[in-house]
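Examination of the molecular architecture
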Amino acid sequence: MINTKNIAIIGGGPSGLIAAYRLASKGFSVHLFERKKSLARKFKIAGKGGLNLTYSEPIKNFIDKYEPHQEFFDTVYKNFSPKDFINWLNSLGVETFVGTSSRVFPKDKSAAEIIKTIQNELLKLNVKIHYEHFWKGFDDKGSLIFETDNETINQNFDAVLLALGGASYSFTGSDGSWKDILAEKEIKIHDFKPSNCGFEVEWSEVFKSKNESQPLKNIKLILDDKSIRGEAMITSYGIEGGVIYHLSRYIRNKIEHEGFCTVYIDLKPDLSEAEILKRLSANRGKQSYTNFLRKKIKLSGAGFGLLKEATSKENMNEPKKLAAIIKKLPIVLTKPRPIEEAISTAGGIDFSEIDDKMMLKNLPGVFVCGEMLDWEAPTGGYLLQGCFSTGVFAADGIARYLK
Ligand SMILES: Cc1cc2nc3c(=O)[nH]c(=O)nc-3n(C[C@H](O)[C@H](O)[C@H](O)COP(=O)(O)OP(=O)(O)OC[C@H]3O[C@@H](n4cnc5c(N)ncnc54)[C@H](O)[C@@H]3O)c2cc1C
């Protein structure tokens, strides 16, 4: 079916690309505008460290990761589920597999190859891709204003989809500069905050010099009633890594309200406190603490460093106190790392600003999707799935609007 309606999609990241594919497949004439010379730079960066496309788990558990927007994401995933996403990738020749962690990875294609594949499909569907077009806002008539190297272009479309991303890793093109344009249109936008980020800790110089860049494997991170198993990494500024990212929203909120956040690490989640106590009650003899703990409970060097950092020498000699602290070692986090370094950003367009088609209520004909909206979720597949699925949802919203 040929459709004469012209649609502009601004932003060539995951959410914009899939929306372009969806609308062009329905026969719409789609123009995709991207400020950079190439598409999806953030996605390509994500690919450098094990690209988690989505996560394999029951949909109810999956949706719970989008707290407090479960209802919205329930609707979005009913329309385009993680399974639909994988099927779509497979249909393009991008095979996937589920890792031992339940994360879903591409089998044999890099992030850049996936983008190239999608780009080729878009070209086959006659999507016109305009690179190095920087969207500057709307003119008095509501037309879009684009700035290129040598000119300013004003262009009118039947519908517009903004897929401009969040505000971290700004060199990829997603710098959040759209915020002022939409705020001027009286759209409620929450300040950007770092999400899935590292946190600062005031380590002692001795600890830092010995443990910087050391991993903490198979630990459990505990914050109030929440806990997560996985890995973290000691850094010169503090701590980062999977378990920290997973709880970053709660840590950040606590720091905002209380000025700091104490998290607890269970260094040996597979051993009970009683079992640790039993093993540590043996005579240490002339062994160093490090050797003793390594032999008895396989404690890593970084784990031992943390113990020394958190407890006194006297407590090291008391198996009961030592066992207790191994199971619940406190670390005081003082602030999140800057937005620029964060994997994603919280903040953005308030959900009250969009209707059931993801159209901005204050700007009829203008739709939004992806990380621009005020949601956050743990990295490891939930972010990309959220972006791809909201891209599809907004595209379907546009199709309904133009009908
Ligand atoms: C290091 C790193 C690792 C990550 N790893 C993972 C992972 O493993 N799993 C996961 O789920 N998520 C991961 N993410 C997060 C994921 O990449 C993002 O959530 C996702 O890319 C956001 O998609 P988006 O389409 O909303 O926006 P973006 O990908 O940010 O794309 C927005 C696009 O809009 C363009 N743009 C912005 N402003 C303008 C303008 N004014 N005019 C024209 N174009 C403009 C930008 O250049 C950009 O191309 C990672 C992120 C980082 C930084």
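Before reading further, recall that the structure is shown in the block above.
The present account deals with the structure reproduced in this document. Everything numeric in this text was worked out from a predicted model, so none of it was measured.

Brief notes about unusual backbone geometry
- With omega at 5 degrees, the peptide bond leading from Glu67 into Pro68 counts as cis.
- With respect to the helices and strands, Pro68 occurs in the loop between α3 (59–64) and α4 (70–79).
- Not every positive phi belongs to a glycine, and Lys298 is a case in point at roughly 55 degrees.
- For Lys298, the location among the structural elements is in the loop between α12 (289–297) and α13 (301–310).
- On the basis of relative accessibility, which here comes to 68%, the residue Lys298 falls in the exposed class.

Brief notes about the environment of Gly173
- Its location among the elements puts Gly173 in the loop between β10 (159–162) and α7 (178–184).
- The sequence separation of Gly173 and Gly11 amounts to 162 residues, and the corresponding C-alpha distance is 8.9 Å.
- In this structure Gly173 touches Arg35 and Lys36, once residues within four positions along its chain are discounted.

Let's talk about the pairing of strand β16 (residues 261–266)
- Bridging between strand β13 (residues 215–223) and β16 involves 3 bridges; their strand directions are antiparallel. Bridging across to β16, Lys220 finds its partner in Asp266.
- Where β16 meets strand β17 (residues 329–333), 5 bridges bridge the pair, whose relative direction is antiparallel. Along β17, the bridge assignment pairs Cys261 with Leu333.

Quick look at the site of the ligand
- Around the ligand, the structure places 34 residues, and the nearest of them are Ser15, Glu34, Ser174, Glu371 and Leu384.
- Between the ligand and the protein, one listed contact pairs an oxygen atom with a side-chain N or O atom of Ser15 at 2.7 Å.
- Backbone polar atom of Leu384 to an oxygen atom of the ligand: 2.7 Å apart, as the coordinates give it.
- When the ligand is considered free in solution it has 1000 Å² of accessible area, and contact with the protein chains removes 97% of it.
- Counting only elements with at least two residues in the shell around the ligand, the list comes to α1 (14–25), α2 (41–46), β7 (134–138) and α16 (382–402).

Things to note about the pairing of β13
- Here β13 runs beside strand β14 (residues 226–234); their pairing, made up of 7 bridges, is antiparallel. Each residue of the ladder has a partner; that of Ile219, found in β14, is Gly230.
- With antiparallel pairing between neighbouring strands as the criterion, β13 and β14 make up a hairpin whose turn holds 2 residues, including Asp224 at a positive phi of roughly 50 degrees.

Notes on the pattern of salt bridges
- Enumeration over the complete set of coordinates arrives at 23 salt bridges.
- Here Lys26 and Asp396 are joined by a salt bridge, their closest N and O atoms 3.6 Å apart. Here Asp396 lies in helix α16 and Lys26 lies in the loop between α1 and β2 (29–33), a separation of 370 residues in the sequence.
- By relative accessible area, Asp396 is classed as buried at 12%.
- Across the pair Lys254 and Asp224 runs a salt bridge, and its minimum N-O distance is 3.0 Å. Here Lys254, found in helix α10 (residues 248–258), pairs with Asp224, found in the loop between β13 and β14; they are 30 residues apart in sequence, far enough to count as distant.
- In this structure Asp224 comes out as exposed when scored by relative accessible area, which is 58%.

Some details on the sheet that holds strand β4 (residues 96–98)
- Spatially, β3-β5-β4 is the arrangement adopted by the 3 strands of the open sheet, whose pairing is antiparallel. Looking at the sheet topology across the chains shown, the edges are occupied by β3 (54–55) and β4.
- The pairing of β4 with strand β5 (residues 103–106) spans 3 bridges and is antiparallel. For Val98, the partnering residue across the bridge sits in β5 and is Val104.

Cut-offs applied
Residues numbered from 1 in each chain as written. Predicted model: local features only at pLDDT ≥ 70, side-chain atom pairs only at ≥ 80, totals over all residues. Heavy atoms only, no water. Helix = DSSP H or I, 4+ residues; strand = E, 2+ residues; numbered from the N terminus. Buried < 20%, exposed > 50% of the residue type's maximum accessible area, 1.4 Å probe, protein only. Contact = heavy atoms within 4.5 Å. Pairing = 2+ DSSP bridges. Near = heavy atom within 4 Å. Polar contact = N/O pair within 3.5 Å; in protein donor to acceptor, adjacent residues only side chain to side chain. Areas by Shrake-Rupley, 256 points an atom, 1.4 Å probe, with all protein chains shown as cover. Salt bridge = Lys/Arg side-chain N within 4 Å of Asp/Glu carboxyl O.

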